[in-house]
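# Commentary on secondary and tertiary structure
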Amino acid sequence: MSDQQAREAPINRLARRLAAAMGVSWFVGVAWIVLYYLDPTLPVLADFGNWNLLAGFTLFLLGAAFALALVVTVIVRSARRP
């Protein structure tokens, strides 16, 4: 492995982890809201009441924050290439 590949490896791992966290966060946020509308009597959802919307949208916005971090990571990685 060359020196440049050794430097890019942690950035590539970070980008993959950010992409995975983004996808999971978006999926869980949308699933949370959909489950609340389908059956609001589920054990955890019933306790939250209408706060379920805030929880779902917060997870969705967290995914957007991961997306922004991913974009910054990709820009930094491309700036380091010769």
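Residues numbered from 1 in each chain as written. Predicted model: local features only at pLDDT ≥ 70, side-chain atom pairs only at ≥ 80, totals over all residues. Heavy atoms only, no water.

Turning our eyes to something else, we now look at the overall build of the chain. The secondary structure content of the chain amounts to three helices and zero strands. Sequence-ordered secondary structure for the chain, helices as α and strands as β, is α-α-α. A total of 82 residues make up the chain; the buried ones form 21% of that total. Within the chain, counting contacts between residues at least 6 apart in sequence, those at least 24 apart form 66% of the total. (Helix = DSSP H or I, 4+ residues; strand = E, 2+ residues; numbered from the N terminus. Buried < 20%, exposed > 50% of the residue type's maximum accessible area, 1.4 Å probe, protein only. Contact = heavy atoms within 4.5 Å.)

Within the largest apolar cluster, five residues are counted, these being Ala-15, Leu-18, Met-22, Ala-67 and Leu-70. Taken together, the elements giving at least two residues each to this core come down to α1 (3–38) and α3 (51–80). Ranked by residue count, the leading element in this core is α1, at three residues. With residues up to four places along the chain from it excluded, the contact list for Leu-70 reads Ala-15, Leu-18, Ala-19 and Met-22. (Core = buried A, V, L, I, M, F, W, Y, C linked by side-chain atoms within 4.5 Å.)

What follows concerns the environment of Ala-20. Secondary-structure assignment places Ala-20 in helix α1. In this structure the C-alpha to C-alpha distance between Ala-20 and Phe-66, which are 46 residues apart in sequence, comes to 9.1 Å.

Spatial relationships are all this shows, so hold off on functional conclusions.
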